[in-house]
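# Summary of structural features
As a plain string of letters, each chain reads:
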Amino acid sequence: MSFLAIDIGNTRLKWARFDGAQPGATLLEHGAVFLEHIEDLAEREWSTLPAPQQMLGANVAGDAVRRRVEEQLECWDLAPRWVVPSSHEAGVHNGYDHPTRLGADRWVALVGARSQVLRRGLQKPCLVVMVGTAVTVDALDLEGNFLGGLILPGHGIMLRALEGGTAGLRVPTGEVREFPTNTSDALTSGGNYAITGAIERMHRHLLQRTGIPPLTLMTGGAAWKVAPALDIEHELVDGLIFDGLLALAEARQPVSPTE
């Protein structure tokens, strides 16, 4: 049985087809398109794919984008299923004040991180970092309880806010420096250190809460830009959302009756 996982972010749609709906399934194909090109999926990227038997998606781009994707899924006559955060699923307890208001991408990433921890046989809390248009930094304790997390603007939003609110800051992208001596480097370094500082602060909070250095997993299209300046041990995991969708798909499989 092949399984289609879809991750709709604020800028791009990422998809992957696996040979099963469980963690560790083999990746068969994958791709990504900007949201403005969704209408081309059925005729281009998906036109030669064998029909998947199941799909599950995470969407943070709104209902209009979701409906556009569902129109493309009609090429397979495939019933769309979308993640709605709940109070407990796939080994993660949702500690948000209103669990359904947690972003679907954050919930799926937390489930993916918990799946990674369990598959590795670790006894560790986990810090889950997504770096994209926005940045989220979320904390899981040893038992899989989501303790809470941070949301902050991504680097691009920070730069646009400065350009819109001040005069004379429309300068080329610079480098990350310890002591920037020009405006380009000062802007790039400031945004980078704002993000890494938030990550390191939450890492410290989680260490203080649990007494164990957390496993820090980073994902998202801009994670590679932030990682070199991060002063804590961390791992880049490109497909963390897909890990979470696979774990959720497995948890939702009907249990076969025992004889």
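One structure accompanies this document, and this report is about it. (Residues numbered from 1 in each chain as written. Predicted model: local features only at pLDDT ≥ 70, side-chain atom pairs only at ≥ 80, totals over all residues. Heavy atoms only, no water.)

Within the sequence span of helix H1 (residues 63-73), burial applies to Val65, Val69, Gln72 and Leu73. When H1 is viewed along its axis, its buried side chains cluster within an angular range of 105 degrees and face the same direction. Of the surrounding elements, those touching the buried residues of H1 are strand S1 (3-8), strand S2 (12-18) and strand S4 (54-59). (Buried < 20%, exposed > 50% of the residue type's maximum accessible area, 1.4 Å probe, protein only. Helix = DSSP H or I, 4+ residues; strand = E, 2+ residues; numbered from the N terminus. Arc of directions from axis to C-beta. Contact = heavy atoms within 4.5 Å.)

The next point concerns the sheet that holds S2. Reading across from one edge, S3-S2-S1-S4 is the order of the four strands in this open sheet, with mixed pairing throughout. Of all strands in the sheet, those bounded by a partner on one side alone are strand S3 (27-34) and S4. Adjacent strand axes in the sheet meet at a mean angle of 10 degrees, parallel and antiparallel pairs treated alike. Pairing analysis gives six bridges linking S1 to S4, with the strands arranged parallel. From the neighbouring strand, Asp7 faces S4, where its bridge partner is Ala58. Sitting on the sheet, H1 touches S1, S2 and S4, and the angle it makes with S1 is about 155 degrees. The sheet contacts of helix H6 (residues 240-251) involve S1, S2 and S4, and relative to S1 the element is tilted by about 130 degrees. (Pairing = 2+ DSSP bridges. Axes fitted to C-alpha atoms, helices over the stretch in contact; angles between N-to-C directions.)

Glancing now at the packing of aromatic side chains. The relative placement of two aromatic rings is captured by the distance of their centres and the angle of their planes. Evaluated as defined, the whole model comprises four aromatic pairs. Ring geometry for Phe18 versus Phe242: centroids 6.2 Å apart, planes at 70 degrees, classification edge-to-face. With Phe18 in strand S2 and Phe242 in helix H6, the pair connects residues that are 224 residues apart, well separated along the chain. For the pair Phe18 and Phe242, one class covers both residues: buried. Considering the side-chain rings of Tyr96 and Phe146, the 6.0 Å spacing of their centres and the 25 degrees angle between planes classify their relative orientation as stacked. Taken together, the positions of Tyr96 in the loop between strand S6 (92-94) and helix H2 (104-120) and Phe146 in strand S9 (residues 145-153) put the pair 50 residues apart, joining distant regions of the chain. Judged by relative accessible area, which is 29%, Tyr96 ranks as partly exposed. Note on Phe146: relative accessible area 2%, which makes it buried. An aromatic cluster is defined as three or more aromatic residues linked by ring pairs; in this entry it consists of Trp15, Trp46 and Trp76. (Phe/Tyr/Trp six-rings, centres within 6.5 Å; stacked < 30°, edge-to-face > 60°.)

All we've got here are geometric facts, nothing functional implied.
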